[in-house]
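# Report on the structure
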Amino acid sequence: MQKMETMHSIKFKCYSISNEININNLSKQFGFENKLQWNEPLILQSEQLKNIVNFSNYSAVYIFSFGSIVFLNFADSEINKFLNYVNAIEKNSLNTSKEYSDEYNLIVAPNGEITIKYNCLSVPKLENRYCYLIATVLAKSTALYKIESEINVLSDNVENIINKLKKSYLKISNETLSKIYGEILSFKYETISYIMLLDKPDMTWEDERSQYIYGELTKLFELNDRYEKINNKTGILLDIVGIFADLSHTKTNVKLEWIVIVLIFVEVAFFVFTYFAK
């Protein structure tokens with residue numbers, strides 16, 4: 001990106017459209033030869049975008065492996081066009097409904113100072129690192145939003161089971177319990193491993209200003225607090241589902257014991273009947 005001397009703003013729009021995007025496969029489609037590291041986003045600028053969308057000054061796209069895409073200075077119509085293009089490459093495996101989204105702004109004010117507000121970061125001059133940091137935090141925040149919504153649905157399903165248990169009614173298969181348990185573990189894995197929530201960009205270890213901005217943006221979007229809430233909720237849900245599994249197994253064992261008792265009774269009755277019949 002070029003530097004600028006007049007006041008200008010860049011609007012960031014982020015969408016979480018999948019749990020995973022094969023960014024190395026995409027990078028080949030856009031002419032990149034070098035393989036990206038697991039924690040690097042695929043960054044597309046004017047050279048890669050010119051044959052796909054109509055872009056404005058300082059337009060760019062950041063694509064993250066955990067399913068978030070951040071658009072810089074994109075009109076909604078061009079966002080739709082780009083998402084459809086990527087979805088075709090990914091063989092229609094992405095959710096392009098834009099259900100999970102977030103926004104932020106970068107303001108370049110040559111006579112100002114670095115200021116972080118709830119809706120924008122103000123800087124005296126445009127540098128790539130500022131865009132990278134905003135895109136990274138926004139991508140993680142939107143991915144968390146998706147997980148928070150999905151785990152709330154899962155919590156509702158578990159609550160329905162609890163309500164049935166209160167009424168002394170519990171009829172749920174081991175397959176269903178295993179599926180719920182697997183979904184909860186999946187959430188736990190995605191928040192810790194795949195979204196790389198607790199990992200900082202490399203530049204924050206090398207540059208004090210980048211470290212400060214990333215830390216403040218992380219606080220602003222409450223990434224750590226939201227992670228802790230999800231982590232605690234998944235732990236509680238895993239415990240609850242574990243109790244359900246124990247109850248289900250106990251119920252199954254009781255049934256088996258009664259079956260054994262009935263079989264013994266039938267065998268004794270048959271023996272007595274045969275004895276007296278003779």
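Here, every reference points to the structure presented above.
Keep in mind that what you see is a predicted model, and the values were worked out from it rather than measured. (Residues numbered from 1 in each chain as written. Predicted model: local features only at pLDDT ≥ 70, side-chain atom pairs only at ≥ 80, totals over all residues. Heavy atoms only, no water.)

Across its 13 residues, helix α7 (residues 208-220) extends 18 Å between first and last C-alpha, which sits within 8% of the 18 Å expected from 1.5 Å per residue. Looking at α7, one finds that the buried residues are S210, I213, Y214, L217 and T218. Within α7, the buried residues cover an arc of 135 degrees as seen down the axis, which keeps them to one side. Those residues of α7 that are exposed and aimed more than 90 degrees away from the buried face are E208 and K219. (Helix = DSSP H or I, 4+ residues; strand = E, 2+ residues; numbered from the N terminus. Expected span 1.5 Å × (residues − 1). Buried < 20%, exposed > 50% of the residue type's maximum accessible area, 1.4 Å probe, protein only. Arc of directions from axis to C-beta.)

In this structure, K98 takes a positive phi of about 60 degrees despite not being glycine. Here K98 is to be found in the loop between α3 (76-89) and β5 (101-108). Residues other than glycine seldom take positive phi values, yet E222 does so here, at roughly 55 degrees. The topology assignment puts E222 in the loop between α7 and α8 (223-277).

This brings us to α3. Its 14 residues place the ends of α3 20 Å apart at the C-alpha level, agreeing with the 20 Å of an ideal helix rising 1.5 Å per residue. Taken as a whole, α3 has its buried residues at E78, I79, F82, L83, V86, N87 and I89. Positive backbone phi, at 60 degrees, marks K91, one or two positions downstream of α3.

Relative to the assigned elements, E78 resides in helix α3. Ignoring any residue separated from it by four or fewer positions in sequence, one finds E78 in contact with V53 and N54. (Contact = heavy atoms within 4.5 Å.)

With that out of the way, let us pick up the pairing of β5. When strand β1 (residues 8-16) meets β5, the two strands line up antiparallel, connected through eight bridges. Bridged to K13 within β5 is E103. Relative to strand β7 (residues 120-123), β5 is paired through four bridges, and the arrangement is parallel. Residue pairing in the sheet places L106 in a bridge with L121 of β7. (Pairing = 2+ DSSP bridges.)

This part is about the packing of aromatic side chains. Under the criterion given, the structure shown has nine aromatic pairs. Ring plane angle 50 degrees and centroid distance 5.9 Å describe the contact between F30 and Y85, whose orientation is recorded as tilted. A residue pair is termed long-range when its members are at least 10 positions apart, and F30 in the loop between α1 (23-29) and β2 (42-44) and Y85 in helix α3 qualify at 55 residues. A centroid spacing of 5.6 Å and a plane angle of 85 degrees characterise the contact between F71 and F82, whose relative ring orientation is edge-to-face. Residue F71 is located in strand β4 (residues 68-72), and its partner F82 is located in helix α3; the two are separated by 11 residues in the primary sequence. No difference in accessibility class separates F71 from F82, as the two residues are buried. (Phe/Tyr/Trp six-rings, centres within 6.5 Å; stacked < 30°, edge-to-face > 60°.)

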